[in-house]
Amino acid sequence: MEQIKYLIVALFMASGIISSAQDKSKNPYGLVYIDAITENLKGQVNIHPVTYKLNGNDIAANVYTPADYDKTKIYPTLIIAHPNGGVKEQTAGLYAQRLAEAGFITIAADASYQGASGGLPRHTDKPQFRTEDIHGMVDYIANYAGVDTDRLAALGICGGGGYTMKAAQSDKRLRAVATLSMFNSGEVRRNGFQNSQIGTIEQRLKQASEARAQEASGGEIKYSGVASISDEEIAKTTTDLYREGFEYYYRSHAHPNSTFLYTTSSLMDLMTWDATDGIELIDQPLLMIAGSKADTKYMTDEAFSKAKNAGNKELFVLEGATHIETYWKKEYVSQAVNKLVEFYGKNLK
């Protein structure tokens, strides 16, 4: 009966009668990816919602434990940083679950000021906070039962990839570092996507400064980004990243805590930051994964070439994949997970 039900739902989804997000909205853990955990069963991967404090904020996270998890044993462990605008229930959760199926303890947490985590103003998106979130995940999971701190590593997805590379420069508790579809938030907020806004840098910094002044005086908080979007606007979007991103975040994998908004004042910090500044401090093994058709691949290529001191450095290209397709498309997720398992297995000993 369950197989028949799944086929009927799949047909409705394919015909547009219901969206995948609607189908998954009743998941008890809020997960919005296909084949997500719906209940914890003995002998299978389990999910454990947890909260912890980081710099006065409550952080909401999900810990995934492998099948037949035994608190008295030790396991290699991964922290997973979500994309810009994303939350732990989307692609970060998908990779956390798949890697737990491969025998890792994994943790995916909502960034401070975002998702279900605390912090005001909401949707503050400052690089120093996102980097600190990664250090905080390490703090928490290092004390979780069964974690082998000698086999602790990281995976950063999209913007989380840039922040993970920054965190790994100083956090040598991370024994290996991997990124998927890495997005250098500072470079893009400063120069525009594909360097399309270089001529307006000073103008946008002035707007960010004015937004901060307004906040400081108790005025209304200004936001940048996209709050909602129509099907027509999505269809007219010319770049794969943003067109497919709008479809992913607002249609197929929508989550109520996920948003493209961020405080305009955050740009004061974002535009003066870069994921590759100090990248020579990364001496851990490094794996960077990107789709061959990703219009963001230039950021992975730039960072990879600059990471001159990384050990066992690898660039793995998913042939035919765009940036967003690496988040959910089964064939690309499977290839990426297999490569990640190989990489961590080789470098976490």
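Bear in mind the structure is a predicted one, so any value in this text is a computation, not a measurement. (Residues numbered from 1 in each chain as written. Predicted model: local features only at pLDDT ≥ 70, side-chain atom pairs only at ≥ 80, totals over all residues. Heavy atoms only, no water.)

Turning our eyes to something else, we now look at empty space enclosed by the protein. All told, the structure shown has one cavity of 30 Å³ or more when counted by the stated rule. There is about 50 Å³ of room inside the largest cavity. Around the largest cavity sit A81, H82, A109, D110, A111, R130, D133, I134 and M137, which together line it. Sort the elements by how many residues they give to the lining of the largest cavity and helix α4 (residues 127-141) lands first, with four residues. Across the lining of the largest cavity, the residue classes break down as five nonpolar, one polar and three charged. (1 Å grid on protein atoms, 1.4 Å probe; cavity = no way out; pocket = protein on both sides within 12 Å on 5 of 7 lines; lining within 4 Å. Points joined across faces, edges and corners; volume = space filled by probe spheres on them. Helix = DSSP H or I, 4+ residues; strand = E, 2+ residues; numbered from the N terminus. Nonpolar A, V, L, I, M, F, W, Y, C, P; charged D, E, K, R; others polar.)

Another point: the layout of surface pockets. Here the second largest pocket is characterised by a volume of approximately 670 Å³. Lining the second largest pocket are 35 residues; nearest its centre among them are R189, G225, Y242, F260 and Y262. Among the elements of the structure, α6 (185-191) and α9 (240-252) are those that each provide at least two residues to the lining of the second largest pocket. In terms of residue count, the dominant contributor to the lining of the second largest pocket is α9 (five residues). The class makeup of the residues in the lining of the second largest pocket is 16 nonpolar, 15 polar and four charged.

The geometry of α4 relative to helix α5 (residues 159-170) is characterised by a closest axis approach of 9 Å and an angle of 70 degrees between their N-to-C directions. What the angle tells us is that α4 and α5 run roughly perpendicular. When you trace α4 past α5, the crossing you get is right-handed. The residues of α5 that touch α4, namely those facing P127, R130, T131, I134 and H135, are G160, Y163, T164, K166, A167 and S170. (Axes fitted to C-alpha atoms, helices over the stretch in contact; angles between N-to-C directions. Parallel < 35°, antiparallel > 145°, perpendicular 65-115°, else oblique. Left-handed = near helix turned anticlockwise from the far one by under 90°. Contact = heavy atoms within 4.5 Å.)

Okay, the sheet that holds strand β10 (residues 311-318) next. Spatially, β1-β2-β4-β3-β5-β6-β9-β10 is the arrangement adopted by the eight strands of the open sheet, whose pairing is mixed. On the outer flanks of this sheet lie β1 (46-54) and β10, each paired with one strand and no other. Averaged over all neighbouring strand pairs, the angle between strand axes comes to 20 degrees, with direction disregarded. As paired elements, β1 and strand β2 (residues 57-65) share nine bridges and run antiparallel to each other. Within β2, the position partnered with K53 by the bridge is D58. Along the sheet, helix α13 (residues 330-347) contacts β3 (75-81), β5 (147-157), β6 (177-180), β9 (285-291) and β10; its crossing angle with β10, the most-contacted strand, is approximately 170 degrees. (Pairing = 2+ DSSP bridges.)

So, about the confidence of the model for the chain. Averaged over all residues, the pLDDT of the chain equals 93, while 93% of them reach at least 70. Of all secondary-structure elements in the chain, the lowest mean pLDDT belongs to helix α1 (residues 2-15), at 32, while strand β4 (residues 105-109) reaches the highest, 99. Throughout residues 1-22 the model reports pLDDT below 50, and contacts reaching past four residues in sequence, or to other chains, amount to 18 contacts. (pLDDT = per-residue confidence, 0-100.)

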